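# What the coordinates show
The chain contents come next:
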Amino acid sequence: MAEAARPRKVRLFLVTERKDKWWVTPLLTFLGLSTFIVYVTWAAFQNANYTFGPYLSPLYAPEIFGHSPHAWFGPPPTWWPGMIPFSPALLILPFPAGFRFTCYYYRGAYYKAFWGDPPSCAVGEPRKSYLGERYFPLIIQNIHRYFLYAALVFIVLLAYDAMLAFRFPDGIHVHVGTLVFCTNVVLLGGYTFGCHSLRHIVGGRKDQLPKDAVGRACYDCVSGLNRRHQLFAWCSLFSVGFTDVYVRMCAMGVWTDARLF
Amino acid sequence: MSKKVSLRIWRGDKDSGEFKSYETEADDGMVVLDVVHQVQATQAPDLAVRWNCKAGKCGSCSAEINGMPRLMCMTRLSDLPEGEPITVEPMMAFPIIKDLVTDVSWNFRVKQTIKPFKPRPPDAPDGTWRMDQRDVDRVQEFRKCIECFLCQNVCHVLRDHAKHETFIGPRFFVHTAALEMHPLDTEDRVPALKDDYNLGYCNITKCCTKVCPESITITDNAIIPLKERVVDRFYDPVRRLFRVLSGS
């Protein structure tokens, strides 16, 4: 490597000559992600009010074991450790959570907002030492593509749940909840199919991009969604939370799931 | 219409320095480099400032304007807060020569350490190659770089952690991507990306993309695809197993 060039000076934590409101974005990121994490943790441990008619909250989908009619394999397993309160959400949430936690967009965002590494561009940092993603523990972020594989399976399952949201005891109808579920799966699809790892897998890994029509279309679609990855990341985060709130409110009788047609 | 502009310009050398205040007249449409030149012409003839094309293409007048790395020639006064002093200082990630001029020669030494382009044998008897336009377009974006080194300056790995000896910085990840993704290139730079260029230090804050005057999507189109290639080679157990089994 080339001989070192020492920087002029290293600024102290939060010291900057920037005059714009540089702290707004990391603050909103901190508040947004914190609110979501707190809500999802609370909702995951509730083990109640997560279904309503044909709806199953995305925080509990797929319900592998559980007491609702949506459960694939019936009631909770006997091997579940007694010291941990059972909830169907705990069986599945590690996969979408891992996908978001290791997502390239979120990584950059929460390193700034939660760890101040840096707090914002050209703003002084709190620590002198730095390991980056070169060493443990953050080298684990390289597992992202495996969470992507799981997320792709989840998209199929959530799309199936969105289809079920049309089926009511008296036939096929569209309720407000149906639109909520469909919007949620579209936004989640936009986020998942715009993943940087997926872009690599469908063609980016090669020096010559796919020549066949299908491969070309896949690469172009993923690249197009990838350009809006940040937007889909936030919209889908909000939609997942809202869909759970919607099901919960309907199940508790607070909101009425109005029929549209 | 002419109006008064206040400037705080960093004056000094590699040993010491401070901000000095200046006031000058500015006309509509002026950029920061214009008023710095005006100060140099009328009040501080010894003020050192590097510039060349005044058109955002040579990458010489990189500086920090109100704390953000920018080209002085491409920063209009009308885009800055009116009535407030404009702070102009040299790039922080490089040693100072004098006033606004920094020594960016480290970048050129880094470039020499990167394996150069090594094309495959020509496709045609006349010594020419055939390439798909899409493959060329992908790496063409990286060739827009004007080497202003604003991305190097804003990268906190260099700016705050001074990893100059072990980390090549976003500019040279763009350069490596242009070579590594080139449809004709046969050189393998992936092990060097991991071990010598230390791509893993990048934590994807996208500050480099934000300051690039050529709007190169540095993080999404160069750095992350290179990270994924490193993952392919070194951190993906299934791919490693596949390579062992297939003997490739």
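Calculation rules
- Residues numbered from 1 in each chain as written.
- Chains lettered and ligands numbered in written order.
- Predicted model: local features only at pLDDT ≥ 70, side-chain atom pairs only at ≥ 80, totals over all residues.
- Heavy atoms only, no water.
- Helix = DSSP H or I, 4+ residues; strand = E, 2+ residues; numbered from the N terminus.
- Buried < 20%, exposed > 50% of the residue type's maximum accessible area, 1.4 Å probe, protein only.
- Contact = heavy atoms within 4.5 Å.
- Lys, Arg positive; Asp, Glu negative; His and termini not counted.
- Charge placed at Lys NZ, Arg CZ, Asp CG, Glu CD.
- Areas by Shrake-Rupley, 256 points an atom, 1.4 Å probe, with all protein chains shown as cover.
- Domains from an automatic or database assignment.
- Buried area = accessible area lost by both parts, 1.4 Å probe.
- Salt bridge = Lys/Arg side-chain N within 4 Å of Asp/Glu carboxyl O.
- Polar contact = N/O pair within 3.5 Å; in protein donor to acceptor, adjacent residues only side chain to side chain.
- Nonpolar A, V, L, I, M, F, W, Y, C, P; charged D, E, K, R; others polar.
- Core = buried A, V, L, I, M, F, W, Y, C linked by side-chain atoms within 4.5 Å.
- Pairing = 2+ DSSP bridges.
- Expected span 1.5 Å × (residues − 1).
- Axes fitted to C-alpha atoms, helices over the stretch in contact; angles between N-to-C directions.
- Parallel < 35°, antiparallel > 145°, perpendicular 65-115°, else oblique.
- Left-handed = near helix turned anticlockwise from the far one by under 90°.
- Disulfide = S-S within 2.5 Å.

### Observations concerning the overall build of chain A
Within chain A, the secondary structure is distributed over nine helices and four strands. Of the regular secondary structure in chain A, the N- to C-terminal order runs α-β-β-α-α-α-α-β-β-α-α-α-α. Across its three principal directions, the C-alpha atoms of chain A cover 75 × 50 × 40 Å. The buried share of chain A, taken over its 261 residues, is 52%. Long-range pairs, those at least 24 residues apart, make up 67% of the contacts in chain A between residues at least 6 apart in sequence. In chain A, the 24 positive side-chain charges and the 14 negative ones have mean positions that sit 7 Å from each other.

### Brief notes about the overall build of chain B
Each helix and strand in chain B was counted, giving ten helices and seven strands. The dimensions of chain B, computed from C-alpha atoms along their principal axes, are 70 × 40 × 30 Å. Counting every position in chain B, which comprises 248 residues, the buried fraction comes to 56%. At a minimum sequence separation of 6, the contacts of chain B that also span at least 24 residues come to 60%. Only carbon and sulfur atoms are counted for the fraction: they give 52% of the accessible area of chain B, which is about 10,600 Å².

### Description of the domain arrangement of chain B
All names here are of chain B. Domain boundaries in chain B define domain 1 (3-102) and domain 2 (105-239). Taking only C-alpha atoms, the centre of domain 1 and the centre of domain 2 are 30 Å apart. Across the contact, 15 residues belong to domain 1 and 15 residues belong to domain 2. When domain 1 packs against domain 2, the two sides together hide about 1,200 Å² of surface, and 62% of this comes from carbon and sulfur. When the buried area of domain 1 at its contact with domain 2 is split by residue, Pro69, Ala93 and Phe94 rank highest and sum to 40% of it. The interface formed by domain 1 and domain 2 contains two salt bridges. The salt bridge involving Glu64 is made with Arg159; its shortest N-O contact spans 2.8 Å. Between domain 1 and domain 2 we count seven residue pairs in polar contact (both at pLDDT 80 or more) in total. Where the side of domain 1 that touches domain 2 is concerned, the elements lending two or more residues are β3 (62-65) and β4 (68-71). Taken together, the residues of the side of domain 1 that touches domain 2 sort by class into nine nonpolar, three polar and three charged.

### What about the nonpolar core?
Counting 77 residues, the largest nonpolar core has Ile9(B), Met72(B), Leu77(B), Val88(B), Phe142(B) and Phe173(B) as its most contacted members. Taken domain by domain, the makeup of this core includes at least three residues from each of domain 1 (3-102) and domain 2 (105-239) of chain B. Residue contacts for Val88(B): discarding those within four places in its chain leaves Leu7(B), Arg8(B), Ile9(B), Trp10(B), Phe19(B), Val32(B), Ala63(B), Glu64(B), Met72(B) and Leu100(B). Listed in part, the 50 residues of the second largest apolar core include Phe36(A), Leu56(A), Leu59(A) and Val222(A).

### Some points on helix α6 (residues 170-180) of chain B
Residue and element names in this part refer to chain B. Burial of α6 is extensive: eleven of the eleven residues sit out of reach of the surface. Those residues of α6 lying buried are Pro170, Arg171, Phe172, Phe173, Val174, His175, Thr176, Ala177, Ala178, Leu179 and Glu180. The elements touched by buried residues of α6 are α2 (105-112), α3 (133-140), α4 (150-154), α7 (190-195), α8 (207-211) and α9 (218-235).

### Focus on the pairing of strand β2 (residues 17-26) of chain B
Residues and elements named next belong to chain B. Pairing geometry for strand β1 (residues 3-12) and β2, over ten bridges, is antiparallel. Directly across from Lys4, in β2, lies its bridge partner Glu25. Counting the residues between successive antiparallel strands, the hairpin from β1 to β2 contains four residues.

### Here's the deal with helix α1 (residues 24-46) of chain A
Residue and element names in this part refer to chain A. The terminal C-alpha atoms of α1, which comprises 23 residues, lie 33 Å apart, in line with the 33 Å expected from a rise of 1.5 Å per residue. Every buried residue belonging to α1 is among Pro26, Thr29, Leu33, Ser34, Phe36, Tyr39, Val40, Ala43 and Ala44, and all of these are buried. Of the surrounding elements, those touching the buried residues of α1 are α2 (88-92), α4 (104-115) and α9 (229-251). With its phi angle positive at about 55°, Asn47 sits one or two positions after the end of α1.

### Digging into the sheet that holds strand β5 (residues 86-89) of chain B
Residue and element names in this part refer to chain B. Strand order in this open sheet of five strands is β2-β1-β5-β3-β4, and the pairing throughout is mixed. Looking at the sheet topology across the chains shown, the edges are occupied by β2 and β4. Neighbour-to-neighbour, the strand axes of this sheet turn through a mean angle of 35°, independent of strand direction. Strand contacts of helix α1 (residues 32-42): β1, β2, β3 and β5, with the helix running at about 100° to β2, the strand carrying the most contacts.

### Looking at the interface of chain B and chain A
Listed per partner, the contact involves 74 residues of chain B and 55 residues of chain A. Counting the contacts that link chain B with chain A gives eleven salt bridges. A salt bridge links Arg216(A) to Asp132(B), with the shortest nitrogen-to-oxygen separation between them at 3.8 Å. The tally of links from chain B across to chain A stands at 36 residue pairs in polar contact (both at pLDDT 80 or more).

### Focus: the environment of Pro26(A)
All names here are of chain A. On the secondary structure map, Pro26 appears in helix α1. A C-alpha to C-alpha distance of 27 Å links Pro26 and Pro58, two positions 32 residues apart in sequence. Each residue touching Pro26, except ones within four places of it in the same chain, is listed here: Ala113 and Pro119.

### What to know about the packing of α2(B) against α6(B)
Between two packed helices, the angle of one axis relative to the other and the distance separating the axes together describe the packing. Residues and elements named next belong to chain B. At a minimum axis distance of 11 Å, the contact between α2 and α6 shows a crossing angle of 30°. On the basis of the axis angle, α2 is roughly parallel to α6. By crossing handedness, the relation of α2 to α6 is classed as right-handed. Where α2 abuts α6, its residues Asn107, Val110 and Lys111 lie against Arg171, Phe172 and His175. Partitioned by chemical class, the residues of the contact of α2 with α6 number two nonpolar, two polar and two charged.

### Structural notes on the state of the cysteines
Inspection of the entire model under this criterion finds one disulfide over all chains. With a sulfur-sulfur separation of 2.0 Å, Cys121(A) is cross-linked through a disulfide to Cys207(B). With the S-S dihedral at roughly -90°, the linkage between Cys121(A) and Cys207(B) falls on the left-handed side. Taken together, the residues Cys121(A) in the loop between α4 and α5 (144-164) and Cys207(B) in helix α8 connect one chain to another. On the basis of relative accessibility, which here comes to 1%, the residue Cys121(A) falls in the buried class. Cysteine Cys250(A) is unpaired, with the sulfur of Cys182(A) as its nearest cysteine sulfur at 15 Å. Under the relative-accessibility criterion, Cys250(A) is labelled buried at 4%. The structure places no disulfide on Cys151(B), whose sulfur is separated from the nearest cysteine sulfur, that of Cys145(B), by 6.2 Å. Owing to a relative accessible area of 9%, Cys151(B) belongs among the buried residues under this scheme.

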